[in-house]
Amino acid sequence: MQRHNRPIIVLDFGAQYSKLIARRVREANVFSLILPFNVALSELQKHEPAGIIFSGGPASVHVEGAPKPDPGVYKLGVPILGICYGTQLFADMLGGKVERAAKREYGIAHLNHTDGTSFLDGLDSRTQVWMSHGDTITKLPPGFDTIGTTENCTYAAIADATRKFYGVQFHPEVVHTPQGSKLLSNFVHVICGCASDWNMGSYVESAIAAVREQVGNGRVVCGLSGGVDSSVAAALIHRAIGDRLACIFVNNGLLRKGEADLVQKVFRDNFHVDLHYVDAEERFLKALAGVKDPEEKRKIIGKLFIEVFEEEAIRLENVEFLAQGTLYPDVIESVSATGGPSVTIKSHHNVGGLPEHMNLKLVEPLRELFKDEVRALGKELGLPDEIVWRHPFPGPGLGVRCVGAVNKERLDTLRDADAIFIDEITKAGLYGEIWQALVCLLPVRSVGVQGDERTYEEVCSLRAVTSEDAMTADWYRFPPEVLQRIANRICNEVKHINRVLYDITSKPPGTIEWE
Ligand code: XMP
């Protein structure tokens, strides 16, 4: 089935930026895929690439076992763009020379070019670029010309226009190369001849067709969590197969204020989805009574979720498929920096570990998408901003934010504080700037004074972080008056909290959640 026109393939040489390159290409409205550098040539050809981008990478072309592609890649007649290591690599493989640079070039430089090639078309004749390399090209391979230089780099941009091989020793994909997107756009549109046909409007139709093709006349069950991924997956599948989709939403008692109502309103009332709402609050709270250890909490919550989900799912008849909101970053094979053949594939299970005997086949309609594309798709499908722009929320929910004992009273306290925090962040127009904002209720009491009375109540800690992918995070710098308003409101409006802290730990060494 032809889902998109020919893609741009990013060959990953272990660069931290491979995903960014693929995203930049998609931002130029061209579909892109990441494959490991050592992908078999036959596999690469199966994708019928319109162009290939060699990513950067931490290795030097001279080290033993330096990652190298199948040399057949140069014979495919497909345009190639090298970035940093990628350029040095093809320079080396095609008969040029790469040596250790006298001085490692790192940081901002300026590309000068007078070249009239379409590759650099539209770029200022002197434009800022971001460099980060220890090796450098000292002799061009046959057929290549220099088309751009920087103060320290004679071969900052090179080209063999006949074979359509282009290379830059800087990083066009990062924000410090302000005209980098233009350069990538030139490569994919002008050099590779790709049309701007990758956008969510046109993707919706092909994604719907793909679901219909996979599912046939079968029925699909989907675990809805209220998060963006499962919501978009459900909305898409519903658009494709209507009431042959059944959604199960488990209220585990660990949800945020208003969350259960929101999910029911959106999916049952607006979309008319066959929604099975399971109120399992009591079961979860009973199982969690007296448990303080974070790992134990997670295990109990995870296991019980599967039990409850399965009980509900087996009541549905003739279900063959299970929908999951797996995203592209979870399916990309990641390449080890040394270029060993080892590839680790992260698996992702929103309803992790559903019993095998249920024998359900997976439907993963978001497998090709980055998170921002999932959001665009959600908008396209008519989901409200409240869901589309929702911060991530962990599976074990408030269970891991209610530090120490978990019970209804403490959860209600936490829910109230959390709602105020999110409300004030939203009112201040900051929600979209923050990756994730949350409140933790601490198992600590402190003395306070309210009116003329001494209080002895609980302490909460606010956490708001910026992040790219949750692997690392930094604390968000709030304007002090916003923090002040939040603290005032929490102490005044939430019955059992009389002290508010702001967590300024980055990750690492901290984690985003407290437990
Ligand atoms: P940490 O706390 O490890 O969290 O820095 C990183 C991101 O993952 C989320 N998170 C989870 N998500 N199940 C989930 O679905 C979990 O058990 C879980 N634990 C953490 C967390 O909210 C943050 O976005």
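Residues numbered from 1 in each chain as written. Predicted model: local features only at pLDDT ≥ 70, side-chain atom pairs only at ≥ 80, totals over all residues. Heavy atoms only, no water.

What to know about unusual backbone geometry
Then step 1. Residue Pro508 follows Lys507 across a cis peptide bond; omega there is -15°.
Then step 2. Inspection of the secondary structure puts Pro508 in the segment after β20 (497-502).
Then step 3. In this structure, the amide linkage connecting Pro508 to the following residue, Pro509, adopts the cis form with an omega of 10°.
Then step 4. Positive phi is not limited to glycine here, since Asn318 has a value of about 60°.
Then step 5. Mapped onto the fold, Asn318 is located in the loop between α9 (294-313) and β13 (319-323).
Then step 6. For Asn318, a relative accessible area of 65% gives the class exposed. (Helix = DSSP H or I, 4+ residues; strand = E, 2+ residues; numbered from the N terminus. Buried < 20%, exposed > 50% of the residue type's maximum accessible area, 1.4 Å probe, protein only.)

Concerning the pairing of strand β17 (residues 436-450)
Then step 1. Note that β17 and strand β18 (residues 453-466) share 13 bridges and pair antiparallel. Residue pairing in the sheet places Val449 in a bridge with Arg454 of β18.
Then step 2. Remark: two residues form the turn of the hairpin made by β17 and β18, two consecutive strands paired antiparallel; Gly451 in that turn has positive phi of roughly 65°. (Pairing = 2+ DSSP bridges.)

A closer look at the domain arrangement of the protein
Then step 1. Splitting the protein by domain gives domain 1 (8-191), domain 2 (200-387) and domain 3 (401-502).
Then step 2. At the junction of the two partners, domain 2 supplies eleven residues and domain 3 supplies eleven residues.
Then step 3. Viewed at the interface, domain 3 and domain 2 are joined by two salt bridges.
Then step 4. The partner of Lys257 in a salt bridge is Asp416, with the nearest N and O atoms 2.8 Å apart.
Then step 5. Counting across the interface, domain 2 meets domain 3 through five residue pairs in polar contact (both at pLDDT 80 or more).
Then step 6. Grouping the amino acids of the side of domain 2 that touches domain 3 by side-chain chemistry returns five nonpolar, one polar and five charged. (Domains from an automatic or database assignment. Contact = heavy atoms within 4.5 Å. Salt bridge = Lys/Arg side-chain N within 4 Å of Asp/Glu carboxyl O. Polar contact = N/O pair within 3.5 Å; in protein donor to acceptor, adjacent residues only side chain to side chain. Nonpolar A, V, L, I, M, F, W, Y, C, P; charged D, E, K, R; others polar.)

Quick word on the packing of helix α5 (residues 200-215) against helix α6 (residues 228-241)
Then step 1. At their nearest, the axes of α5 and α6 sit 9 Å apart, and the two run at 70° to each other. Relative to α6, the element α5 is oriented roughly perpendicular. Both α5 and α6 take part in a crossing whose hand is right-handed. Contacts between α5 and α6 pair Val204, Ala207, Ile208, Val211, Arg212 and Val215 from the former with Leu236, Ile237, Arg239, Ala240 and Ile241 from the latter. (Axes fitted to C-alpha atoms, helices over the stretch in contact; angles between N-to-C directions. Parallel < 35°, antiparallel > 145°, perpendicular 65-115°, else oblique. Left-handed = near helix turned anticlockwise from the far one by under 90°.)

Description of the site of the ligand
Then step 1. Close to the ligand lie Arg298, Pro392, Pro394, Gly395, Pro396, Gln436, Ala470, Lys507, Thr511, Ile512 and Glu513.
Then step 2. For the ligand, an oxygen atom lies 2.5 Å from a polar atom in the side chain of Glu513. (Near = heavy atom within 4 Å.)

Quick look at the nonpolar core
Inside soluble globular proteins, nonpolar side chains tend to come together where they are buried.
Then step 1. If you look at the biggest cluster of nonpolar residues, it comprises 114 residues, and the most contacted ones within it are Phe54, Phe119, Phe267 and Leu377.
Then step 2. For this core, the element with the most residues is α6, which contributes nine residues.
Then step 3. Both domain 1 (8-191) and domain 2 (200-387) contribute no fewer than three residues apiece to this core.
Then step 4. The residues contacting Leu377, other than those within four sequence positions of it, are Met200, Tyr203, Val204, Val232, Leu236, Leu366 and Leu369.
Then step 5. Counting 44 residues, the second largest nonpolar core, distinct from the first, contains Ile248, Leu430, Leu462 and Val494. (Core = buried A, V, L, I, M, F, W, Y, C linked by side-chain atoms within 4.5 Å.)

Regarding the side chain of Asp503
Then step 1. Mapped onto the elements, Asp503 comes out in the segment after β20.
Then step 2. In terms of polar contacts, Asp503 uses its side chain to reach the side chain of Trp514, at 3.1 Å.
Then step 3. With sequence-adjacent residues up to four places away left out, Asp503 is seen in contact with Ser461, Leu462, Arg463, Trp475 and Trp514.

Details of the pattern of salt bridges
Then step 1. Counted by the stated rule, this structure contains 35 salt bridges.
Then step 2. As a salt-bridge pair, Arg24 and Glu27 come within 3.1 Å of each other at their nearest N and O atoms. With Arg24 and Glu27 both in helix α1 (residues 18-27), this residue pair falls three residues apart, about one helical turn.
Then step 3. A network of salt bridges, in which partner residues are shared, links Asp423, Glu424, Lys427, Arg485, Arg489 and Glu493.

A few points about the sheet that holds strand β16 (residues 361-363)
Backbone-to-backbone hydrogen bonds pair the strands of a sheet. The strands run either parallel or antiparallel.
Then step 1. Spatially, β12-β11-β10-β13-β16 is the arrangement adopted by the five strands of the open sheet, whose pairing is parallel. With partners counted over all chains shown, the strands left at the sheet margins are β12 (274-279) and β16, one partner each. Neighbour-to-neighbour, the strand axes of this sheet turn through a mean angle of 30°, independent of strand direction.
Then step 2. Bridge count between strand β10 (residues 219-224) and strand β11 (residues 245-251): five bridges; the pairing is parallel. By the bridge assignment, Cys222 is partnered in β11 with Cys247.

Structural notes on the packing of aromatic side chains
Then step 1. In total, this model carries 20 aromatic pairs according to the counting rule given.
Then step 2. Each ring, one from Phe31 and one from Trp198, has its centre 4.7 Å from the other, and the planes form 45°; the classification is tilted. Note that Phe31 is positioned in the loop between α1 and β2 (32-36) and Trp198 in the loop between α4 (180-191) and α5, a separation of 167 residues in sequence.
Then step 3. The exposure class assigned to Trp198 is buried, which follows from its relative accessible area of 4%.
Then step 4. Through a chain of ring-to-ring contacts, the aromatic side chains of Phe13, Phe37, Phe54, Tyr74, Tyr85, Phe90, Phe144 and Phe165 assemble into a single cluster.
Then step 5. Over the face of the ring belonging to Phe393 we find Arg256, whose NZ or CZ atom lies 3.8 Å from the ring centre.
Then step 6. The positively charged end of Arg477 is found above the aromatic ring belonging to Trp475, 3.8 Å away from the centroid. (Phe/Tyr/Trp six-rings, centres within 6.5 Å; stacked < 30°, edge-to-face > 60°. Lys NZ or Arg CZ within 6 Å of the ring centre and 35° of its normal.)

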